[in-house]
Amino acid sequence: MDAPLRQLVTAVGGYDLCTSEFVRITRQRSPEKVFYRFGPELKSGAKTASGTPFRIQLLGSDPYYMAENAKTAVRLGSPSIDLNFGCPAKTVNASRGGSVLLDEPDLIFEITQAVRKALPDDIPVTVKMRLGYRDPSVCIDNALAFQAAGASELVVHARTKTDGYKPPAHWHYLREIREALDIPVVANGEVWSREDWLRCYESSGCDQVMIGRGAVARPDLAMQLSDPDFEPWVWADFVKSLLEYWRILSELYEADGCSDHYRVIRVKQWLNQSRRGFEEAPALFESIKRLHRSHEMDEALAQLAQSNLS
Ligand SMILES: Cc1cc2nc3c(=O)[nH]c(=O)nc-3n(C[C@H](O)[C@H](O)[C@H](O)COP(=O)(O)O)c2cc1C
């Protein structure tokens with residue numbers, strides 16, 4: 001989720017915290033502009049426009065440079081640092097980043113400890129992991145290694161890298177991890193609705209959840225999870241949020257001098273990812289997928305508003 005979408009979904013509500021997409025760390029100190037690109041919120045007190053706290057996530061395998069870059073992110077305002085040991089992408093794993101490190105328990109300990117030691121005590125270091133690379137039985141040892149290295153919270157995507165994104169998520173492992181650790185464990189994976197969350201809670205015992213694709217597909221998902229009386233959005237609500245997203249993108253990218261083509265692509269991407277959230281989304285996606293220019297998108301969205309909101 002990028003900054004404009006974070007702005008949009010946190011304005012709907014239900015979120016305690018947002019994490020950036022991972023900032024890839026190699027053997028160098030990344031310039032400040034990289035952190036601001038991944039986290040424009042750093043320029044406004046590390047909060048989204050509606051006041052939800054935001055933090056930076058780092059991904060890499062070199063303990064020294066992970067620590068150095070964590071210091072930069074904190075100096076620029078990130079209130080905590082999250083470390084990514086979950087990414088399944090081939091190119092990332094091939095360069096020794098993300099979930100592939102779950103087969104190297106000594107190294108993940110070293111990385112987490114180096115980052116922990118480099119930061120002031122009041123800045124939490126947290127970890128995002130999958131159950132393992134191929135073998136989920138390593139999850140407890142890895143979780144214990146993160147805790148021993150000083151992580152103060154663990155978000156667990158309840159699948160291995162080999163599982164990819166294939167349902168189901170194996171939430172029951174989280175119960176074992178939670179019982180083995182003293183630090184909070186946050187559940188993640190396949191929560192698309194309040195019913196999913198209740199099943200995840202029952203199976204894992206975790207009382208906190210991190211949502212990824214569901215948050216993109218349904219801007220109101222966090223409200224559905226946090227408030228049993230919340231009335232789930234209907235299509236017209238989503239249409240309004242799409243218009244709002246277009247407005248945010250237009251403001252942001254006009255200020256940055258970014259191409260209008262890029263704005264159009266972002267709207268198409270979001271709509272495509274919303275297929276699972278709203279049954280009307282695929283047809284709308286089909287009708288706009290060949291648009292390239294922002295004036296074409298302006299017209300298409302004006303028509304959409306007219307037929308759905310008037
Ligand atoms: C396109 C895409 C990009 C992702 N990027 C990140 C990332 O940068 N950092 C991260 O921790 N997880 C990332 N994830 C994983 C999600 O945070 C989450 O762990 C995963 O999708 C499972 O949760 P969900 O079923 O709620 O989506 C990404 C997932 C997708 C599909």
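Before reading on, note that the structure itself is shown above.
Note that the coordinates shown come from a computational prediction; the quantities given were computed from them, not determined experimentally.

1. Quick word on helix H1 (residues 3–12)
Next up, step 1: Burial analysis of H1 places seven of its 10 residues in the buried class, the great majority of the element.
Next up, step 2: Taken as a whole, H1 has its buried residues at Ala3, Pro4, Leu5, Arg6, Leu8, Val9 and Thr10.
Next up, step 3: Count one or two residues on from H1 and you reach Gly13, which has phi positive near 110°.

2. Some thoughts on the packing of helix H3 (residues 63–75) against helix H5 (residues 105–118)
A pair of packed helices is captured by two measures, namely the crossing angle of their axes and the spacing between those axes.
Next up, step 1: As a packed pair, H3 and H5 sit with axes 8 Å apart at the nearest point and diverge in direction by 35°. For the pair H3 and H5, the sense of crossing is right-handed. Listed contacts from H5 to Pro63, Met66, Ala67, Ala70 and Lys71 of H3 are Leu107, Glu110, Ile111, Ala114, Val115 and Ala118.
Next up, step 2: Split by residue class, the contact of H3 with H5 holds nine nonpolar, no polar and two charged.

3. Remarks on the pairing of strand S2 (residues 54–59)
Next up, step 1: Taking burial as the measure, the six residues of S2 include six buried ones, the bulk of the element.
Next up, step 2: Inspection of the sheet shows strand S1 (residues 18–24) paired to S2 by five bridges, in the parallel sense. By the bridge assignment, Val23 is partnered in S2 with Leu58.
Next up, step 3: Taken together, S1, helix H2 (residues 32–38) and S2 constitute a β-α-β crossover, and its handedness is right-handed.
Next up, step 4: Of the pairings in the sheet, the one linking S2 to strand S3 (residues 81–85) comprises three bridges and is parallel in character.

4. Overview of the state of the cysteines
By definition, a disulfide links two cysteine residues through a covalent bond between their sulfur atoms.
Next up, step 1: Tallied over the entire structure, the rule returns zero disulfides.
Next up, step 2: Not part of a disulfide, Cys18 finds its nearest cysteine sulfur in Cys200, a span of 19 Å.

5. Observations regarding the site of the ligand
Next up, step 1: Around the ligand, the surrounding shell holds 15 residues, and the nearest of these are Gln57, Lys128, Asn188, Glu190 and Arg213.
Next up, step 2: Here an oxygen atom of the ligand and a side-chain polar atom of Asn188 are 2.6 Å apart.
Next up, step 3: Note that an oxygen atom of the ligand is positioned 2.7 Å from one of the backbone N or O atoms of Glu190.
Next up, step 4: Burial of the ligand by the protein chains amounts to 72% of its free accessible area of 610 Å².

6. So, the packing of aromatic side chains
Next up, step 1: Within the structure shown, the criterion is met by eight aromatic pairs.
Next up, step 2: Each ring, one from Phe238 and one from Phe278, has its centre 4.8 Å from the other, and the planes form 35°; the classification is tilted. Note that Phe238 is positioned in helix H11 (residues 235–256) and Phe278 in the loop between helix H12 (260–273) and helix H13 (281–288), a separation of 40 residues in sequence.
Next up, step 3: Taken together through their ring pairs, the aromatic side chains of Trp235, Phe238, Tyr245, Trp270 and Phe278 make up a single cluster.
Next up, step 4: Across from the ring centre of Trp246, 5.8 Å away, lies the NZ or CZ of Arg263, which sits over that ring.
Next up, step 5: When the ring centre of Trp192 is taken as reference, the NZ or CZ atom of Arg276 above it lies at 3.9 Å.

7. Digging into the sheet that holds strand S4 (residues 125–132)
Next up, step 1: Reading across the sheet, the seven strands line up as S1-S2-S3-S4-S5-S6-S7 and stay open at both edges, with parallel pairing between neighbours. Taken across any chain shown, the strands that pair with only one partner, and hence form the sheet edges, are S1 and strand S7 (209–210).
Next up, step 2: Relative to the sheet, H1 contacts S1 and S2, its axis offset from that of S1 by approximately 165°.

Rules behind the numbers
- Residues numbered from 1 in each chain as written.
- Predicted model: local features only at pLDDT ≥ 70, side-chain atom pairs only at ≥ 80, totals over all residues.
- Heavy atoms only, no water.
- Buried < 20%, exposed > 50% of the residue type's maximum accessible area, 1.4 Å probe, protein only.
- Helix = DSSP H or I, 4+ residues; strand = E, 2+ residues; numbered from the N terminus.
- Axes fitted to C-alpha atoms, helices over the stretch in contact; angles between N-to-C directions.
- Left-handed = near helix turned anticlockwise from the far one by under 90°.
- Contact = heavy atoms within 4.5 Å.
- Nonpolar A, V, L, I, M, F, W, Y, C, P; charged D, E, K, R; others polar.
- Pairing = 2+ DSSP bridges.
- Right-handed = clockwise from strand over helix to strand, strands pointing away.
- Disulfide = S-S within 2.5 Å.
- Near = heavy atom within 4 Å.
- Polar contact = N/O pair within 3.5 Å; in protein donor to acceptor, adjacent residues only side chain to side chain.
- Areas by Shrake-Rupley, 256 points an atom, 1.4 Å probe, with all protein chains shown as cover.
- Phe/Tyr/Trp six-rings, centres within 6.5 Å; stacked < 30°, edge-to-face > 60°.
- Lys NZ or Arg CZ within 6 Å of the ring centre and 35° of its normal.

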